[in-house]
Amino acid sequence: MAVALMWEARAAEGRGSELLEWVRGQELSAPPLRRETLTAPGNRVLVITWWDATYDAELPELPEPDGGLVSRPPHRWRFESLGS
């Protein structure tokens, strides 16, 4: 079974590149099957990690960025793959 964790944050005004650098520097306590980092207008950064795990498994996630780096708390979603 495959599970995808999605983490999305919006950087504080003018701090998009700092948030991207911060995200890229975050190590997880265990390596996912795959990790992808994306950006979007509005200083948004999205990280998707894929895991060989059940939907409710305890999995390492990105932490909350330090104060002032984001304009709101990160959003988090969990999805289960249904196959192709």
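Please refer to the structure placed before this passage.
Note that this is a predicted model, so its numbers are computed, not measured.

Caption draft 1: Here's a closer look at the nonpolar core. One finds Trp-7, Leu-19, Trp-22, Val-23, Trp-51 and Leu-59 to be the most contacted residues of the largest nonpolar core, which totals 18 residues. Taken together, the elements giving at least two residues each to this core come down to strand S1 (2-10), helix H1 (16-24) and strand S3 (44-52). With sequence-adjacent residues up to four places away left out, Leu-19 is seen in contact with Trp-7, Ala-9, Arg-10, Ala-11, Asn-43, Val-45, Pro-65, Leu-69 and Val-70.

Caption draft 2: Molecular detail of the sheet that holds S3. The strand order across the open sheet formed by four strands is S2-S3-S1-S4, and the pairing between neighbours is antiparallel. One side of each edge strand has no neighbouring strand; the edge strands of this open sheet are strand S2 (34-40) and strand S4 (75-80). Strand-to-strand, the axes of this sheet are offset by a mean angle of 15 degrees, without reference to chain direction. As defined by bridge partners, S1 adjoins S4 across six bridges and the pair is classed as antiparallel. Across the sheet, residue Glu-8 finds its bridge partner in S4, namely His-75. In this fold H1 packs onto S1, S2 and S3, with an angle of close to 150 degrees to the strand it touches most, S1.

Caption draft 3: Main features of the pattern of salt bridges. Applying the stated criterion across every chain, the model contains six salt bridges. Between Glu-61 and Arg-76 there is a salt bridge whose closest N-O contact spans 3.3 Å. Of this pair, Glu-61 sits in the loop between S3 and S4 while Arg-76 sits in strand S4; the two residues are 15 residues apart in sequence, bridging distant segments of the chain. Between Glu-64 and Arg-76 there is a salt bridge, with its nearest N and O atoms 3.3 Å apart. Of this pair, Glu-64 sits in the loop between S3 and S4 while Arg-76 sits in strand S4, and the two are 12 residues apart along the sequence. Residue class for Glu-64 comes out partly exposed when judged on its relative accessible area of 44%. Each of Glu-61, Glu-64, Arg-76 and Arg-78 takes part in salt bridges that share partners, so that together they form one network.

Procedures and definitions
Residues numbered from 1 in each chain as written. Predicted model: local features only at pLDDT ≥ 70, side-chain atom pairs only at ≥ 80, totals over all residues. Heavy atoms only, no water. Core = buried A, V, L, I, M, F, W, Y, C linked by side-chain atoms within 4.5 Å. Buried < 20%, exposed > 50% of the residue type's maximum accessible area, 1.4 Å probe, protein only. Helix = DSSP H or I, 4+ residues; strand = E, 2+ residues; numbered from the N terminus. Contact = heavy atoms within 4.5 Å. Pairing = 2+ DSSP bridges. Axes fitted to C-alpha atoms, helices over the stretch in contact; angles between N-to-C directions. Salt bridge = Lys/Arg side-chain N within 4 Å of Asp/Glu carboxyl O.

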